[in-house]
Amino acid sequence: MLDGLLLGLETAFTFQNMFFAALGCFIGTIIGMLPGLGPMSVVAIMIPVSLQIGDPSTTLILLAGVYYGAIFGGSTSSILINAPGEAAVVATSFDGYPMARNGQAGKALTIAAISSFSGGTIGVVLLMFFAPALASFAILFWSAEYFALMLVGLSAISAFAGKGKVLKAIMMTILGLMLATVGESSLFQAPRFTLGIMDLQSGINFVTLAMGLFAVPEAFFLAIDKIRGEKSGSKKSQEINNLRINRKEAKSIAPVIGRQSIQGFLIGVMPGTGATIASFLGYAVERNLASPKERKEFGKGSIKGLSAPETANNAASTGSFVPLLTLGIPGSGTTAVLLGAFIALNLQPGPQLMQDRPEVFWSVILSMYFGNIILLVLNLPLVPYIAKLLTIPRSYLIPFVLFFAMAGAYIGQNNSTELLILIGFGVIAIIFRFADYPLPPLLIGFVLGQMFEDNFGRAMRNANGIQFIWERPMTLILIFSAAIFILVPLIRDWLNIKKK
Amino acid sequence: MQKLTKRFALILAAVIISLGSLSAVEIKKIHFLIPGGAGGGWDGTARGTGEALTKAGLIGSATYENMSGGGGGKAIGYLIENSKSNHGTLMVNSTPIVIRSLTKVFPQNFRDLTLIAGTIGDYAALVVPAASSYRNFKDLVSAYKKNPESVAIAGGSAPGSMDHLVPAMAFKAAGADPTAVKYLPFDAGGKAMAALLSGEADALSTGFSEAVAMEKAGKVRMIAVTSPERVDAAPNVPTLIEQGYNVTFVNWRGFFASPDLPSNMRKAYIKVLGEMYSTPEWEKVRARNGWVNIYNPGDKFMGFLAQQEKVIGDLMRELGFL
């Protein structure tokens, strides 16, 4: 391993490779900021270009940089204008956007950047030392366990089930689960609930739904607030550029970053999950671990609630390299596209890659350290300028938000019907907001819904019935912990009320 | 007066150009219609073909349009409805157009379009873990005949689609009941492969080129390929035919044009695609993507699709999907 490491060091830190790592990160983070193009599309677009370089290490270093750069940049639109451009950054908007609303946009972006950096870097350390050992962990779970894991993920909704909102949060989650059933699932070939509309046959597009639920109502309420003559605190806007995190805040997010780097990485290692699940689970777990006082902050601008998903999704995207590099299995859409690049370069990802081409294997991993530093250096100085976007007058901000939402819905699919669907969801979301229904649970239900159903269906088919729940001890343990996650906060609250 | 002459000259020019298009035509540019989003298999096929054609100088330029919706149905409908204005358009498609027309997910089928050519393809393969006790397809058949429930087969697509139909076809050829296949559907080949390695599934049904890559990683073994003869990329893998089961299957990709495309233009498209195979530019694109050249031009393409429709249709009826 030491020889390989040295060889990798030599390869990774040539001028050419450092340049392309930085270039990849730059492209990834800039395109990643735009909603609509997730890491997978960005990497897919970059492959033909990057193959022109010729050197396999350099090509892969560039593509890997694009990948984690896109994840890094993805949080910006979630935080600033409540427009999560891909599923992995939905949880980021839960607390990132309220922070920006409170005039702490600069701080929120800084925390996101530092959490992303830490998650990515700790992820690389784990990848470097434990990748071969984790190969068996990657294939530990069956559909039954993934099903149970989705249950744990759904417990994240409890963050939005505040006073008097428990029933509303549950209703929104169920609505999200129902929306996830639209279109063809991987269990049936027949389309369901499409109302005969062809554009719904492949299901509801995630970006369209997220933009419709979050960004469109945001633009609407920005406009309404102006008519009402409300000022969202001119004093607060002075704080917008403030990037400083004080010692107390640093102390409170440090353990979150530590835990979520490891948890997120491990979830990323498993092929049936990925950055999205990692971010939701990270959010749910950190909320349950927080003190009662801090827990109340979740969903309203908690720095812990922002740090957890941002750390977890970056760690998970690094973790998704484990099954690719050690087993040759692409666990996510993006790594599947990357596998295509490996094959085009005549490289076989898998256990022999480390032996046959150590310089490629190690230089790609080592370049990620450098890439993460580059991303931090690239992003931190930009924070004040990006945050300043929020100080521009609303009459300019509203079309900007709407443009982002519409571009996001349109780009990925190139389908103008998506715009009508976007407006439809926007109108519904505005009504829900007036009636004070929390919208994040809807999106959590939607994102987890399909995997929930698929894994349930497969587990049922494999076991010929529902006994899969108790057939494997691992499944039981996970379902048990999901129950604890959901019940303990409820019981705790109930006891508190009784005490009073 | 001068104005009039000018107009007359213009009209004359237009008439000459349109008359010219009735005789032999040369394809200068192609607009590729891709029925799915960026980054998918259809997208890669269209863009790769366009890249090879332009770089080799066979056509001047290529443009691309992604039109997703309806799992590909929207683009088919668009091409039929706007037939007249789309003579310069080629739509990429693949085996699902046959399957989805049979299940009526698509209201149209391939006969409603002008068939240009099947250009590339991939065979199907059956894969087991490297340490599996199934050494060949025969072992799998005997275990299946004893108890179909003991053989869980994973695949990267929904029940009733290719990955499910291939093992069903093979078991049927072995004289076993094809309806009893315990098929576990995953939404991606990689996840199905993980299920094979985790022990959740006993065998995996997947595309041959994907299986070649997996086998090279050393964790799995191919026990059968659906090609008529052994394939150079994996010469040690026996075909189903040589193991005594008369089954072949090709997952093709190819190009379609609008329904009322003039026959001289059809010939020109076929010609330009046929010329592409011998160019180094195409070889580069093909190798990069791991595609297999399976060229089925024009009427041969129609015969091939009709045959595939019949085989798949019969099987799906037997399995209860139709």
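Everything numeric here is computed off the predicted structure, so don't read it as measured data. (Residues numbered from 1 in each chain as written. Chains lettered and ligands numbered in written order. Predicted model: local features only at pLDDT ≥ 70, side-chain atom pairs only at ≥ 80, totals over all residues.)

**Student:** Help me out: how do you make sense of the overall build of chain A in this one?
**Tutor:** When helices and strands are counted, chain A shows 24 helices and zero strands. A globule of 500 residues ought to have a C-alpha radius of gyration of about 23 Å, and chain A, at 22 Å, matches this closely. Overall, chain A is about 65 × 60 × 55 Å in size when its C-alpha atoms are taken along their principal axes. For chain A, the residues scored as buried account for 59% of the 500 residues in total. A separation threshold of at least 6 residues defines the contact pool for chain A, and within that pool the share at least 24 residues apart is 79%. (Helix = DSSP H or I, 4+ residues; strand = E, 2+ residues; numbered from the N terminus. Rg over C-alpha atoms; globule rule 2.2 N^0.38 Å. Buried ≥ 20, exposed ≤ 12 C-beta atoms within 10 Å, placed from the backbone. Contact = placed C-beta atoms within 7 Å.)

**Student:** Help me understand the packing of helix 6 (residues 90-101) of chain A against helix 15 (residues 303-319) of chain A, please; the structure alone is not making it clear to me.
**Tutor:** Helix-helix packing is characterised by the crossing angle of the two axes and by the distance between the axes. All names here are of chain A. Put simply, helix 6 and helix 15 touch, their axes get as near as 8 Å, and they point 145° apart. The handedness of the crossing between helix 6 and helix 15 is left-handed. On helix 15, the residues touching Ala91, Thr92, Phe94, Asp95, Gly96 and Met99 of helix 6 are Gly305, Leu306, Pro309 and Glu310. Along the lines of polarity and charge, the residues of the contact of helix 6 with helix 15 split into five nonpolar, three polar and two charged. (Axes fitted to C-alpha atoms, helices over the stretch in contact; angles between N-to-C directions. Left-handed = near helix turned anticlockwise from the far one by under 90°. Nonpolar A, V, L, I, M, F, W, Y, C, P; charged D, E, K, R; others polar.)

**Student:** Would you take a moment to explain the domain arrangement of chain B for this structure?
**Tutor:** Quite often, the size of an interface is put as the accessible area lost when its parts meet. Residues and elements named next belong to chain B. Domain annotation for chain B reports domain 1 (28-121 + 251-319) and domain 2 (122-225). The gap between the C-alpha centroids of domain 1 and domain 2 is 28 Å. Across the contact, 12 residues belong to domain 1 and 12 residues belong to domain 2. Top element by residues in the side of domain 1 that touches domain 2 is helix 11 (residues 298-319). It accounts for five residues. Partitioning the side of domain 1 that touches domain 2 into residue classes produces six nonpolar, five polar and one charged. (Domains from an automatic or database assignment.)

**Student:** So what exactly am I meant to see when it comes to the environment of Ala224(B) here?
**Tutor:** Mapped onto the fold, Ala224(B) is located in strand 8 (residues 220-225). Each residue touching Ala224(B), except ones within four places of it in the same chain, is listed here: Ala125(B), Leu126(B), Phe137(B), Pro238(B), Thr239(B), Leu240(B) and Gln243(B).

**Student:** Hey, could you run me through the nonpolar core in this one?
**Tutor:** Generally speaking, soluble globular proteins have nonpolar side chains that are buried together. With 249 residues, the main nonpolar core has Val43(A), Leu63(A) and Val127(B) as its most contacted residues. No other element matches the 16 residues that helix 7 (residues 105-138) of chain A contributes to this core. Mapped onto the domain boundaries, this core takes at least three residues apiece from domain 1 (28-121 + 251-319) and domain 2 (122-225) of chain B. Non-local contacts of Leu63(A), meaning those with residues more than four positions away in its chain, are made with Gly24(A), Val43(A), Met46(A), Ile47(A), Ser50(A), Leu338(A) and Ala341(A). (Core = buried A, V, L, I, M, F, W, Y, C linked by C-beta atoms within 7 Å.)

**Student:** It is not clear to me how helix 6 (residues 162-173) of chain B should be interpreted in this structure. Could you clarify?
**Tutor:** One turn of an α-helix holds 3.6 residues; hence residues three or four places apart share an orientation. Residue and element names in this part refer to chain B. With 12 residues, helix 6 should cover 16 Å at 1.5 Å per step; its first-to-last C-alpha distance of 16 Å lies within 8% of that length. Buried residues dominate helix 6, accounting for 11 of its 12 residues. Looking one or two residues beyond helix 6, the residue adopting positive phi is glycine 175, at roughly 85°. (Expected span 1.5 Å × (residues − 1).)

**Student:** Whenever I open this one, the interface of chain A and chain B confuses me. Can you help?
**Tutor:** Opposite the 47 residues of chain A that make contact, chain B presents 41 residues. Mapped onto the side of chain A that touches chain B, the elements with two or more residues apiece are helix 3 (39-50), helix 16 (321-327), helix 17 (333-344), helix 18 (351-356) and helix 22 (440-463) of chain A. Of the residues contributing to the side of chain A that touches chain B, the split by class is 23 nonpolar, 19 polar and five charged.

**Student:** So what exactly am I meant to see when it comes to the packing of helix 6 of chain A against helix 7 of chain A here?
**Tutor:** Residue and element names in this part refer to chain A. The N-to-C vectors of helix 6 and helix 7 enclose an angle of 150°; their axes lie 7 Å apart at closest approach. Regarding the angle of helix 6 to helix 7, the classification is roughly antiparallel. For the element pair helix 6 and helix 7, the recorded crossing hand is right-handed. Of helix 7, the residues touching helix 6 (which contributes Thr92, Gly96, Met99 and Ala100) are Ala105, Lys107, Ala108 and Ala112. Each residue belonging to the contact of helix 6 with helix 7 can be placed in one class, and the counts come to five nonpolar, two polar and one charged. (Parallel < 35°, antiparallel > 145°, perpendicular 65-115°, else oblique.)

**Student:** Explain the pairing of strand 6 (residues 182-185) of chain B here, please?
**Tutor:** Every other side chain in a regular strand lies on the same face of the sheet, so the side chains alternate between the two faces. All names here are of chain B. Summarising the sheet, strand 5 (residues 152-155) and strand 6 pair through four bridges and their orientation is parallel. From the neighbouring strand, isoleucine 153 faces strand 6, where its bridge partner is tyrosine 183. The β-α-β motif built from strand 5, the intervening helix 6 and the parallel element strand 6 has right-handed crossover chirality. (Pairing = 2+ DSSP bridges. Right-handed = clockwise from strand over helix to strand, strands pointing away.)

**Student:** It is not clear to me how the environment of Thr63(B) should be interpreted in this structure. Could you clarify?
**Tutor:** Residues and elements named next belong to chain B. Relative to the assigned elements, threonine 63 resides in strand 2 (residues 61-66). For threonine 63, a count of 12 C-beta atoms within 10 Å gives the class exposed. In this structure, the C-alpha to C-alpha distance between threonine 63 and serine 133, residues 70 residues apart in sequence, is 51 Å. With sequence-adjacent residues up to four places away left out, threonine 63 is seen in contact with His31 and Phe32.

**Student:** When you look at the confidence of the model for chain A in this model, what are you seeing that I'm missing?
**Tutor:** Do not read the predicted coordinates in detail wherever pLDDT is low. Considering every residue of chain A, the mean pLDDT works out to 87; 96% of them sit at 70 or more. Counting interchain partners and residues more than four positions distant, the pLDDT-below-50 stretch residues 229-236 of chain A has five contacts. (pLDDT = per-residue confidence, 0-100.)

**Student:** What is the right way to read the environment of Ala144(A) from this model?
**Tutor:** Residue and element names in this part refer to chain A. Inspection of the secondary structure puts alanine 144 in helix 8 (residues 143-154). Each C-alpha atom, one on alanine 144 and one on phenylalanine 485, is 18 Å from the other, the two residues being 341 residues apart in sequence. If sequence neighbours within four positions are ignored, alanine 144 has contacts with Ala459, Phe468, Arg472 and Thr475.

**Student:** In this structure, what is going on with helix 1 (residues 2-12) of chain A? I would like to understand it.
**Tutor:** All names here are of chain A. Restricting attention to buried positions, one finds in helix 1 the residues Gly8, Thr11 and Ala12. Buried residues of helix 1, viewed axially, fall in a sector of 85°; they line one side. Looking at helix 1, the residues exposed on the side facing more than 90 degrees away from the buried face are Leu2 and Asp3. Taken together, the buried residues of helix 1 touch helix 2 (15-33), helix 4 (56-73) and helix 19 (358-388). (Arc of directions from axis to C-beta.)

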